[in-house]
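Summary of the model geometry
Here's the letter readout for the chains.
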Amino acid sequence: MAFELPTLPYAKSALGAKGMCEETLDLHHGRHHQAYVTALNGFVDGNDALKGKSLEDIVKLSHNKPDMAPVFNNAGQHWNHILFWQCMSPHGGGIPGALEKKIKEDFGDVTKFKDAFKAGGVGQFGSGWVWLVVGSDGKLKVTRSPNGSNPLATGEGKALLGCDVWEHSYYLDFRNRRPDYLQNWVDKLANYEFAEAQLKAA
Ligand code: MN3
């Protein structure tokens, strides 16, 4: 079955008060994410080795294979964006107790976590992603990845939160100010309830 664009878990106008306007979501979900899905389906159609494989399998099997880079880029971006929409909420910003306790254990305090996440996103030169992951050692850490890569591909851990730092994610709302986008994202948009559920399921 062909891969499909998931429905957003909120209205396109729902994040406006949190710093991500309807036009951003309209273009980002309806055009950018859709383009990755369309391209990925085209690659799967033309390659019997990919038919019937899950998205996760395609991400892993195409990682670090130069001849499969276009497949990886689009499969990775489909996986990343499915997660990204869930990582934001119209009620975002509040950190539930169990996750807050874990953040304090592994980062020292919430501000240090937010600073690390922001630095990860600012430090990603060009397009990419910043992640909060739980590693195989059970510790939370911040990682970053270029373009369509992600912690599923690299094996760096299970993603609890992922933030898109491609310019298409913030240029309408924050112009060139990626640090302001990231600060707003961790303060107001991030769905920490989702992150805590991901952590509990890890
Ligand atoms: Mn994007």
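First, a word on what this report is: a plain description of the structure on this page. Note that the structure is a prediction, hence the values are computed from the model and not measured.

Turning to the coordination of the manganese ion, a few remarks are in order. Four donors placed tetrahedrally about a metal ideally form angles of 109.5 degrees, and six donors placed octahedrally ideally form angles of 90 or 180 degrees. For the manganese ion, the full set of protein donor atoms is H28 (NE2), H81 (NE2), D164 (OD) and H168 (NE2), at a range of 2.0 to 2.1 Å. Counting residues between consecutive donors of the manganese ion along the chain gives the motif H-x52-H-x82-D-x3-H. On the criterion of sequence distance, the pair formed by H28 in helix α1 (residues 22–45) and H168 in the loop between β3 (158–164) and α7 (171–174) is long-range, its members being 140 residues apart.

Quick look at unusual backbone geometry now. Unusually for a residue other than glycine, N64 sits at a positive phi of about 65°. Tracing the sequence through the fold places N64 in the loop between α2 (55–62) and α3 (69–86). With a phi close to 50°, R175 is a non-glycine residue in the positive phi region. Considering the arrangement of structural elements, one finds R175 in the loop between α7 and α8 (178–189). The partly exposed category is assigned to R175, whose relative accessible area is 47%.

Rules used in this analysis
- Residues numbered from 1 in each chain as written.
- Predicted model: local features only at pLDDT ≥ 70, side-chain atom pairs only at ≥ 80, totals over all residues.
- Heavy atoms only, no water.
- Donors = N, O, S within 2.8 Å, 3.2 Å for Na, K, Ca; no water.
- Helix = DSSP H or I, 4+ residues; strand = E, 2+ residues; numbered from the N terminus.
- Buried < 20%, exposed > 50% of the residue type's maximum accessible area, 1.4 Å probe, protein only.

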